[in-house]
Amino acid sequence: MACRSCRRQLVLLTRQANAITEIQSTAAAATALRHPASLQIVDPRCRRTDQRRSFASTPRQLGVRESISRFFQRSAEPYRVVQATEEIYKTCAREAIYTIPDKDRKAGTIKKTEEGEDIGEGATMWHQDFQLPPTFSTWSQVTMLHMYLVFARLRNLDRDAARSWQQQLVDHFFFDAEERMDLTHGISSRGLRQRYLKDMFIQWRGVIAAYDEGVVKGDPVLAAAVWRNVFKAREDIDVRSLAAIVSWMRLCLKMLDQIPDESLYYQTQAVFKWRAKNELALVDKPARELEGQLVREPPPVQKVAV
């Protein structure tokens, strides 16, 4: 029996191949509609017997080498996209990774949040610097935040290529989410996992709409979207963290936009090497408009006993 990873790769490649076949069929149909004259049926009895063939209008036949090259290029493209999106997704997924100790799982002593969610152990920047709990919800929201930034860049590709890349990236995420539900949280019921995945897909669509609105309307709207999704609208958060994350998102979008299309296969992951917490230094720096308006408090006077 094939392992879980092999089955995942097989499903992804099958979907990619089906998508390419569908795209090629659609393109052929569109070409036929644009050139209906090529579909006309000519009666052989009306054909002129003295008509000579014009070799100038004969389409150029591809050479054997060029035909083989194009064939292998089309055949290898699904594998390249699956491999590239898998590496990109792994980078997104490890940002807020967490674990649940086996001893707590076996003893039934796993800590719970107020909503009843399992609390694990996490030591990433999002847990330590931004004070997010190491839970499945935190992991999924931070992963979707990174995926959104990649999605925004993929929109600049050709429509069919963008759809292929985005679909593969989403498939990696939901395969991994279901596996984490099963192996980490012990949700063995496939029907229950599918119900949770449907809820996550609705959240994913909402995340895209919320972050799109924030990118267009400005930083306050984007910060509100991050606050609702990542921080679950908590009232005890540090606004500096929100400002740093928004600044980091803008910077990542700028860096992703500067990557050429042909370099997305191997340069996308490098963007996330710059940590969001690094933007706290920029957040703490006063704006130019406030220079001279902020009054620093004098240091407290220390009394000396006589």
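Look up a bit, the structure's there.
Residues numbered from 1 in each chain as written. Predicted model: local features only at pLDDT ≥ 70, side-chain atom pairs only at ≥ 80, totals over all residues. Heavy atoms only, no water.

Draft legend 1. Main features of the packing of aromatic side chains. All chains considered together, the criterion is met by 11 aromatic pairs. Relative to Trp204, the ring of Phe151 has its centre 5.1 Å away and its plane inclined at 85°; by these criteria the two rings are edge-to-face. With a gap of 53 residues between them, Phe151 in helix H5 (residues 136–154) and Trp204 in helix H7 (residues 190–217) connect regions that are remote in the sequence. Overall, the relative accessible area of 7% leaves Phe151 in the buried class. The class for Trp204 is buried, based on a relative accessible area of 1%. Taking 5.0 Å as the distance between ring centres and 70° as the angle between the ring planes, the aromatic pair formed by Phe173 and Phe174 counts as edge-to-face. Among the aromatic residues, those joined into a cluster by ring pairs are Tyr89, Phe136, Trp139, Phe173, Phe174 and Phe201. (Phe/Tyr/Trp six-rings, centres within 6.5 Å; stacked < 30°, edge-to-face > 60°. Helix = DSSP H or I, 4+ residues; strand = E, 2+ residues; numbered from the N terminus. Buried < 20%, exposed > 50% of the residue type's maximum accessible area, 1.4 Å probe, protein only.)

Draft legend 2. Focus on the environment of Lys273. Tracing the chain through its elements places Lys273 in the loop between helix H10 (264–267) and helix H11 (280–284). On a C-alpha basis, the gap between Lys273 and Thr91 in space is 9.4 Å, while along the polypeptide they are 182 residues apart.

Draft legend 3. Spotlight on the nonpolar core. Trp126, Leu149, Trp165, Tyr211, Phe231, Trp248 and Met249 are the most contacted members of the largest nonpolar core, which has 64 residues in total. Broken down by secondary-structure element, the contributors of at least two residues to this core are helix H2 (64–93), helix H4 (125–128), H5, helix H6 (159–183), H7, helix H8 (219–229), helix H9 (239–257) and H10. For this core, the leading source of residues is H5, giving 12 residues. Every residue in contact with Trp248, bar those within four places of it in the chain, is listed here: Trp126, Leu145, His146, Leu149, Phe272, Trp274, Arg275, Ala276 and Glu279. (Core = buried A, V, L, I, M, F, W, Y, C linked by side-chain atoms within 4.5 Å. Contact = heavy atoms within 4.5 Å.)

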